[in-house]
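Report on the structure
These are the residues of each chain, in order.
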Amino acid sequence: MSYNGGCLIGMRGKNCVAIASDRRFGVQALGLTTEFQKIFPVNDKICYGLAGLGTDVQTLSEKFTFKTNMYKLNEEREIGVKTFAHLVSSTLYEKRFGPYYAEPVIVGIEKDGKPFICSMDLIGCINFAEDFVVTGTASEQLYGMCEALWEPELEAEDLFETISQAMLSATNRDALSGWGGVVTVITPDKIITRTLKGRSD
Amino acid sequence: MQVLIGIAGKDFVLTAADTTTARSIVVMKHGEDKSRLLNKHNLLLYTGEPGDTVQFAEYIQCNIKLYEIRNGLELGTSACASFVRKQMAESLRSRGPYNVNYLIAGASKKGEPELYWGDYLAASQKMPFAAQGYAAYFVMSTMDRYWRPDLSLEEARVLLQKCLDELKTRFIGNLPEFLIKVVDKDGVRIIA
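Sequence order sets the numbering: in each chain, residues are counted from 1 along the sequence as written. Chain letters start at A and ligand numbers start at 1, both assigned in the order the entries are written. Only residues with pLDDT of 70 or above have their local features reported here, since the model is predicted, and side-chain atom pairs are shown and tallied only from 80 upward, although totals for entire chains, interfaces and linings are computed over all residues. No hydrogens and no water enter the side-chain calculation; it runs on all heavy atoms of the structure.

1. Some details on the overall build of chain A
Helix and strand assignments come from DSSP, with helices taken as H or I runs of at least 4 residues and strands as E runs of at least 2, each series counted from the N terminus. Counting its secondary structure elements, chain A contains four helices and twelve strands. Based on C-alpha atoms, the radius of gyration is set beside the globule rule, defined as 2.2 Å times the residue count to the power 0.38. Its C-alpha atoms give chain A a radius of gyration of 16 Å, near enough to 17 Å, the size a compact globule of 201 residues would have. With the principal axes as the frame, chain A shows a C-alpha extent of 45 × 40 × 25 Å. A total of 201 residues make up chain A; the buried ones form 55% of that total. Here the term buried applies to any residue with accessible area under 20% of the maximum for its type, exposed to any over 50%, and partly exposed to those in between, with areas from a 1.4 Å probe on protein chains only.

The structure is reproduced here in structure tokens:
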């Protein structure tokens, strides 16, 4: 799990959610690229991220694209965020004794407008959180930053600032994470993705 | 010890691969071409476990060719890279994984250059410049410093020469000869 490096945060706000990742992809100590995508959209209301082994991040994101496309074709409606979370959980648990080395964070807005966040371990145990979720090589640093900075009922702009500061400060204390950041904020009417400029060391 | 380097320029990709085949302390052969042409505009360069490398590269080459025969379409570079990654990912958790690291260099007919880095674990990433093997520890920082978008072929050659000089100075392995190819809208050719 610490071969390629990387980390994720998901945060809940007032009628909005945010998800942030770093951008580093490396092979142990050698950093290779600053553009590795770890956050993937499902639709306008749901985003998920995968932290861990690069190959499994890519394989799983392709699998989930396939599964959600099939869902849409079969059900003729968009998938809900809780349903998607269970889909991810089942997919991971299927490989219980030979798992994918990736830990997801899922954020989204339910059909009734309620914000939803959760994370999972590599075999699909869902952590339904009320405040924030973190995964990745800098998870301990992220727990500290989020606990200090998060407060309930943040509006979208404030949630963006909070999640960004938590990501940048925590990844600055981890050798395998960082090299920039990406933050996606989802509200009932918009989904906005921004890149963060951080320390490139 | 094996080295692959790729640099994407304005409308071409410049690639270099060492030409030494060695087993333990013995250099078995000079002049080995560590690449396979996937189609007119795409080149797959490989390093890794002997045997796995050629088997994997030729398997990919044949399947890309089959796609062309069946569909009458030349596959673009990102499609080739996706296909290679998928095959690598499927082999990873099978009885016999391919222990191959690769670079895919391609230029579309319009001349958009693309370079993909892929490792034996099936991670893959599009990069402006890339290296496989021990070389990466030496040349990535050289290319970080001197690469710009829109390099001309001459400027890219100068950058590549800087990288090869770096290896000559600082790398313990002796790599006397490199095979240098250019991939652009007219296809793939070897340059001195």
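2. Section: the sheet that holds strand E7 (residues 100–107) of chain B
Residues and elements named next belong to chain B. A pair of strands is treated as paired once DSSP finds two or more bridges between them. Pairing in this open sheet of five strands is antiparallel, and the strands run E5-E6-E7-E8-E9 from one edge to the other. Every other strand in the sheet has two partners, leaving strand E5 (35–39) and strand E9 (124–126) as the edge strands with one partner each. Taking the axes of each pair of neighbouring strands and ignoring which way they run, one obtains an average angle of 20 degrees across the sheet. Alignment of E7 against strand E8 (residues 113–118), held across six bridges, turns out to be antiparallel. When the bridges of E8 are listed, Ala107 appears paired with Pro113. Here helix H1 (residues 52–71) sits on the sheet and contacts E5, strand E6 (42–48) and E7; the angle it forms with E5, its principal contact strand, is near 10 degrees. The contact definition used throughout considers only heavy atoms, calling two residues in contact when any of these lie within 4.5 Å. Convention adopted: a line fitted to C-alpha atoms gives each axis, helices being fitted over their contacting stretch, and angles between N-to-C directions are expressed from 0 to 180 degrees. The strands that helix H2 (residues 77–92) touches are E5, E6, E7, E8 and E9; relative to E7, the one it contacts most, it runs at about 165 degrees.

3. Thoughts on the environment of A:Phe132
Residues and elements named next belong to chain A. Mapping Phe132 onto the fold places it in strand E10 (residues 132–136). Using a relative accessible area of 6% as the deciding quantity, one classes Phe132 as buried. Spatially, the C-alpha atoms of Phe132 and Val105 are 10.0 Å apart, while their sequence positions differ by 27 residues. Beyond its immediate stretch of four places on either side in the chain, Phe132 contacts Gly10, Met11, Ile117, Tyr143, Cys146, Glu147 and Trp150.

4. Some thoughts on the environment of B:Met140
Mapped onto the secondary structure, B:Met140 falls in helix H3 (residues 135–146). By relative accessible area, which is 5% here, B:Met140 ends up buried. It is 7.9 Å that separates the C-alpha atoms of B:Met140 and B:Phe129, two residues lying eleven residues apart in sequence. Not counting chain neighbours up to four residues away, the residues in contact with B:Met140 comprise A:Leu32, B:Met127, B:Phe129, B:Ala130, B:Ala131 and B:Ala135.

5. Side note on empty space enclosed by the protein
Using only the protein atoms, space was sampled on a 1 Å grid; points where a 1.4 Å probe fits but cannot get out form cavities, open sets with protein on both sides within 12 Å along at least five of seven lines form pockets, and lining residues are those with an atom within 4 Å of a point. Grid points are joined across faces, edges and corners, and a volume is the space filled by probe spheres set on the points. All chains considered together, the criterion is met by two cavities of 30 Å³ or more. Looking at the largest cavity, its volume works out to about 40 Å³. Residue lining of the largest cavity: B:Ala17, B:Asp33, B:Lys34, B:Ser35, B:Leu45, B:Leu179 and B:Lys181, and that is the complete set. In this classification, the charged set is Asp, Glu, Lys and Arg, the nonpolar set is Ala, Val, Leu, Ile, Met, Phe, Trp, Tyr, Cys and Pro, and all remaining amino acids, among them Gly, are polar. The residue makeup of the lining of the largest cavity, split by class, is three nonpolar, one polar and three charged. As a volume, the second largest cavity reaches approximately 30 Å³. A:Leu168, A:Thr171, A:Asn172, A:Gly178, A:Trp179, A:Gly180, A:Gly198 and A:Arg199 are the residues that line the second largest cavity.

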